[in-house]
Amino acid sequence: MTNKSSNAVTGQSDFNGKITLAITGASGAGYALRLIECLVAANYQLYILCSSAGRIVVDTEVGVKIPSSPDGASEFLTEKYQAKAQQITVFGKEQWFSPVASGSAAPKQMVVCPCSTGTLAAICHGMSDNLIERAADVVIKERGQLILMVRETPFSTLHLQNMLSLSQQGVTIMPASPGFYHKAESIEDLIDFMVARVLDHLGIAQDIMPRWGYS
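Residues numbered from 1 in each chain as written. Predicted model: local features only at pLDDT ≥ 70, side-chain atom pairs only at ≥ 80, totals over all residues. Heavy atoms only, no water.

Enquirer: Explain the pairing of strand β2 (residues 45–50) to me, and be specific about the residues and the numbers.
Expert: Across the six residues that make up β2, a large majority, six, are buried. Neither face of β2 is open: one carries Q45, Y47 and L49, the other L46, I48 and C50, and all of them are buried. Taking the sense of rotation as the criterion, the β-α-β connection linking strand β1 (residues 18–23), helix α2 (residues 29–41) and β2 turns out right-handed. Two strands pair when backbone bridges link them, and β2 and strand β3 (residues 88–91) are joined in this way by four bridges, in the parallel orientation. Considered in β3, the bridge of L46 is made with I88. (Buried < 20%, exposed > 50% of the residue type's maximum accessible area, 1.4 Å probe, protein only. Helix = DSSP H or I, 4+ residues; strand = E, 2+ residues; numbered from the N terminus. Right-handed = clockwise from strand over helix to strand, strands pointing away. Pairing = 2+ DSSP bridges.)

Now the structure itself:
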């Protein structure tokens, strides 16, 4: 008898892990695209969820037009970042049978980058009216790692209450507010500051930004 040892049989993956990345309509599209680039380079498989407002902001801020259809967006991002086959999969807002909607199949790590305060509120109150909200709800209920890169200023009392409530449930609130002590010389340097922090929290090795005290 032949001893089959393919990945399909052993359950092994060609990737280092799976991460869900959601892009909403807050300002900060450059963070999301740089994060995609770094995660692809780190050999992670990505499930990407992008709201309609998120696509508009990406086009407005960085001039990248992400197709509205999930298949078209998957193909576009795969080509843009030279990803492996099946490394990037984009799901639509009502694809309820996608892995991210199920506690038994969703990645244990998810980043919402950037996260609008509307999405923040919906996640806080468990609305689950679209796939982004449902995916976040799944990660919370399964005791996974959820990082919200909230972008708004100033924060209202309601925004702060929502962030406090989620923080008390174990969600990491990481506002898109880069530091300046590394003497940034470009917008790209500021973006890398935040993306490096996200990668650190995900436990993914990165060399785009040295840690404090190291050259």
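Right, picking up where we left off after that structure.
Enquirer: Residue-level account of the state of the cysteines, with values.
Expert: Within this structure, the stated rule accounts for zero disulfides. Distance from the sulfur of C50, which forms no disulfide, to the nearest cysteine sulfur (C113) is 11 Å. Since its relative accessible area comes to 16%, C50 is described here as buried. Of all cysteine sulfurs, the one in C113 lies closest to C115, which takes part in no disulfide; the gap is 9.7 Å. (Disulfide = S-S within 2.5 Å.)

Enquirer: An account of the side chain of S116 is needed here, citing residue identities and associated values.
Expert: Relative to the helices and strands, S116 is located in the loop between β4 (109–115) and α5 (117–124). On the accessibility criterion, S116 (17% relative accessible area) is buried. With residues up to four places along the chain from it excluded, the contact list for S116 reads T24 and A26. (Contact = heavy atoms within 4.5 Å.)

Enquirer: Residue-level account of empty space enclosed by the protein, with values.
Expert: Over the atoms rolls a probe the size of a water molecule, and its path tells where empty space is left. Going through the model one piece at a time under the given rule, you end up with one cavity of 30 Å³ or more. Estimated volume of the largest cavity: approximately 30 Å³. What lines the largest cavity is simply G103, A106, P107, K108, V138, V139, E142 and G144. Of the residues belonging to the lining of the largest cavity, the class tally is four nonpolar, two polar and two charged. (1 Å grid on protein atoms, 1.4 Å probe; cavity = no way out; pocket = protein on both sides within 12 Å on 5 of 7 lines; lining within 4 Å. Points joined across faces, edges and corners; volume = space filled by probe spheres on them. Nonpolar A, V, L, I, M, F, W, Y, C, P; charged D, E, K, R; others polar.)

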